[in-house]
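The lines below spell out each chain.
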Amino acid sequence: MPGKTLSPWTLSWFGSAMIALVLALVLALALDIGPGGFDRPEALAVVHLFALGWLAQVMLGALVQFVPVLAARPLAHARLALPALLAVSCGTLALAGGFLGLNGLATLRPFFLLGPALLGAGFAMLTVMILATLVTRQTLRLAEVRMVMLALVGLAGLWLSGVAMVLTLEGSGVVVDLSQALPLHLLFGIGGFLTVAAFGVSYKLFAMFLIAPEGASWQRHAVFALAALMAGLLLGGLALLAAGGRVMPVLIGVSAVSVAGCGLYLHDVRRLWRARRRPVPEVNMAWSRVALGFLALAVLLMPLAVLQGGALAEAGVFAALVGWLSTLTLSQMIRITAFLTWIQVFAPLIGRRKVPLVQQLTQPRRAAWALALWSLSAGAAALCLLAGAHVGFRLALGGLLIAALLILSELVAIRSLSHLPKSERPARLPPLILPVFLKPSLQTETQR
Ligand code: HEM
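Summary of the structure given here. (Residues numbered from 1 in each chain as written. Predicted model: local features only at pLDDT ≥ 70, side-chain atom pairs only at ≥ 80, totals over all residues. Heavy atoms only, no water.)

### Considerations on the overall build of the protein chain
- Scanning the protein chain for helices and strands turns up 13 helices and zero strands.
- For the protein chain, the N- to C-terminal ordering of α and β elements is α-α-α-α-α-α-α-α-α-α-α-α-α.
- Over its C-alpha trace the protein chain gives a radius of gyration of 21 Å, about what one expects of a compact globule, namely 22 Å for 448 residues.
- Taken over the C-alpha atoms alone, the protein chain extends approximately 65 × 50 × 40 Å along its principal axes.
- When the 448 residues of the protein chain are sorted by exposure, 56% land in the buried category.
- A separation of at least 24 residues holds for 78% of the contacts in the protein chain among residues at least 6 apart in sequence.
- Put simply, the protein chain shows about 18200 Å² of open surface, and 71% of that area lies on carbon and sulfur atoms.
- If the 31 positive side-chain charges of the protein chain are averaged to one point and the 13 negative ones to another, these points end up 14 Å apart. (Helix = DSSP H or I, 4+ residues; strand = E, 2+ residues; numbered from the N terminus. Rg over C-alpha atoms; globule rule 2.2 N^0.38 Å. Buried < 20%, exposed > 50% of the residue type's maximum accessible area, 1.4 Å probe, protein only. Contact = heavy atoms within 4.5 Å. Areas by Shrake-Rupley, 256 points an atom, 1.4 Å probe, with all protein chains shown as cover. Lys, Arg positive; Asp, Glu negative; His and termini not counted. Charge placed at Lys NZ, Arg CZ, Asp CG, Glu CD.)

### A look at the packing of helix H6 (residues 178-210) against helix H7 (residues 218-242)
- Taken N-terminus to C-terminus, the directions of H6 and H7 make an angle of 160°; their axes are 10 Å apart at the nearest point. Taken as axis vectors, H6 and H7 run roughly antiparallel relative to one another. Handedness of the H6/H7 crossing: left-handed. Two secondary-structure elements touch here, H6 through Gln 180, Ala 181, Leu 184, Leu 187, Phe 188, Gly 191, Gly 192, Val 196, Phe 199 and Tyr 203 and H7 through Arg 220, Val 223, Ala 227, Met 230, Leu 234, Leu 235, Gly 237, Leu 238 and Leu 241.
- Class assignment of the residues belonging to the contact of H6 with H7 gives a composition of 14 nonpolar, four polar and one charged. (Axes fitted to C-alpha atoms, helices over the stretch in contact; angles between N-to-C directions. Parallel < 35°, antiparallel > 145°, perpendicular 65-115°, else oblique. Left-handed = near helix turned anticlockwise from the far one by under 90°. Nonpolar A, V, L, I, M, F, W, Y, C, P; charged D, E, K, R; others polar.)

### Section: unusual backbone geometry
- Within the chain, Ala 72 stands out as a residue other than glycine whose phi angle is a positive 55°.
- Secondary-structure assignment places Ala 72 in the loop between helix H2 (41-71) and helix H3 (81-101).
- You can call Ala 72 exposed: its relative accessible area is 66%.
- Positioned with a positive phi, Leu 417 is a non-glycine residue whose angle comes to about 55°.
- Mapped onto the fold, Leu 417 is located in the loop between helix H12 (390-415) and helix H13 (440-447).

Next comes the structure, spelled out in structure tokens:
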């Protein structure tokens, strides 16, 4: 991949997201959040720290990195990357603070409106960067490019449904039925935005890491068509919500379309897996398979969750956010961080000195242990939510926190090149999460 298409802020997005992940898990343990208690104001704050601070930030950072690769051209309006990062991270903190304000902390109430405003500004800047980079006559033919664009529709729907609920809770003139808005909000966030974006990016990443043929299959086009149908249904649901109608028929339609779409996606990934030229997949791909298992579980729970709600809905949402999206993200993040570090530090030295392989920057066994603990804890926590087992859920949360800290330490080790023998490390290390241009000494060293 040409170094020119690398976005300098990707690792800052990843760093900010990892901080939010650890913070959300620590707070979930400290505030004793468990089965049946996710609608408490402090639980809503933690849920959004996790969903927006961790998952949405890491996904948006990954999009800023991969959109130029998908379009094979540099990122448009790249200067917006830093303001967008600041708006999304501050917006997430403000929204979380605003939720705490619902608990009677009046000083925090203004943050409840500030959060969505900042998030909206951040999402708008990202949308401009992504669309201006992606939209060309050649790229629009690619199903994965169209999927990333569709994910932006999901992001817009997520924001609109969230804003409608914030305005309702604030007692402004806008009033929506929260019991109708909430399922639409969840489906926009988990399905329409995060999962559709993950599908688009994973098609490219999986083919790259498995060394498999990239050509689009009929399944890929069908997955896109079903994702577009889901987005259409959800937008129809928003219109119904605004008109005061019942959204249940929409939710049932979205469940049916999601089961079919995810089934076809999994079938397509299996085809890629079988066509791979890398005989033994690396650790990121081995654990992405577990994430795909969680995707199957979450989507199978979805029709039941829509019809019955309660523990089934909690377990389904948890399996999707923590099992599917987080396991996929954590396993790929290790490999992507190693790759970006290699590009930053060693690519300029090719031909001038012996350079290590990307794989040498990681410690696969340590990463595999951490991902195994994450996956086991995610599965156990989802089961405890189904069974209403509070103590078991807290133990599983502890497992998730330990796994997240282990992965964080592996990411820091990769950035510090500590798995390499001293003789192979450059005299100065790259900055942990800030762009290289803020540490000119490294830039001149690699240019020498
Ligand atoms: C990927 C992003 C997001 C995800 C996955 C997500 C997820 C959730 C979940 C799971 C709940 C309900 C928790 C429960 O009651 O059990 C919720 C509620 C809520 N969300 Fe989000 N959310 C996201 C983004 C947003 C955004 C951007 C906003 C504001 C602009 C927002 C505003 C709200 C509000 C106001 C509620 C409370 C509704 C109530 O009191 O019943 N969310 N969200």
